[in-house]
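One-letter residues, chain by chain:
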Amino acid sequence: MALYSEKVMDHFRNPRNVGVIEDANGIGEVGNAKCGDIMKMYLKIEDDVIQDVKFETFGCGSAIASSSMATELIKGQPVSEAMKLTNKAVAEALDGLPDYKMHCSVLAEEAIRSALEDYNSRKAQQT
Ligand code: FES
């Protein structure tokens, strides 16, 4: 059996939503101290709905595939739904990751949550 699913390979080779959103109103950056990989998420949110999302990942193939899939899963979603995204859902959407690569999907969950928290705190400051 191949180590990585077709979906992982597809999202690794052709990652969706790579880049920066200049006028993002939610930004999150997380890293994994063990492997040194870093993931940054940019969100453009209007009326509590994620209109656009982009990412920059300096990391392994599974981290790139996980970030790409995670952005696809939350695009167009309300903030409240995106908050519920788990690394398990990301890994499942990729048709699985090897056990020792599950932490890569955790990075995607954490990056999105961090960007959403940034959005919520900016919003709280405006009121
Ligand atoms: Fe660290 Fe993949 S090896 S995120």
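Residues numbered from 1 in each chain as written. Predicted model: local features only at pLDDT ≥ 70, side-chain atom pairs only at ≥ 80, totals over all residues. Heavy atoms only, no water.

A. Highlighting the packing of helix α2 (residues 61-74) against helix α5 (residues 102-126). Taken N-terminus to C-terminus, the directions of α2 and α5 make an angle of 40 degrees; their axes are 8 Å apart at the nearest point. By the angle between their axes, α2 is oblique relative to α5. Judged by the twist between their axes, the crossing of α2 over α5 is right-handed. Contact with α2, carried on its side by S62, A63, S66, S67, A70 and I74, involves C104, S105, A108 and I112 of α5 and no other residues of that element. Residues that form the contact of α2 with α5 fall into these classes: six nonpolar, four polar and no charged. (Axes fitted to C-alpha atoms, helices over the stretch in contact; angles between N-to-C directions. Helix = DSSP H or I, 4+ residues; strand = E, 2+ residues; numbered from the N terminus. Parallel < 35°, antiparallel > 145°, perpendicular 65-115°, else oblique. Left-handed = near helix turned anticlockwise from the far one by under 90°. Contact = heavy atoms within 4.5 Å. Nonpolar A, V, L, I, M, F, W, Y, C, P; charged D, E, K, R; others polar.)

B. Quick look at the side chain of N32. Its place among the elements puts N32 in the loop between β1 (26-31) and β2 (38-46). One polar contact links the side chain of N32 to the main-chain amide nitrogen of K34, over a distance of 2.8 Å. (Polar contact = N/O pair within 3.5 Å; in protein donor to acceptor, adjacent residues only side chain to side chain.)

C. Representation of the nonpolar core within the structure. The biggest cluster of nonpolar side chains holds 31 residues, and the ones touching the most others in it are M39, M41, L43, I50, I74 and L116. Among the elements that make up this core, the one with the highest residue count is α5 (eight residues). Ignoring sequence-local partners within four residues, the contact set of L43 consists of I21, A24, N25, G26, I50, D52, V53, I74, A115 and L116. (Core = buried A, V, L, I, M, F, W, Y, C linked by side-chain atoms within 4.5 Å. Buried < 20%, exposed > 50% of the residue type's maximum accessible area, 1.4 Å probe, protein only.)

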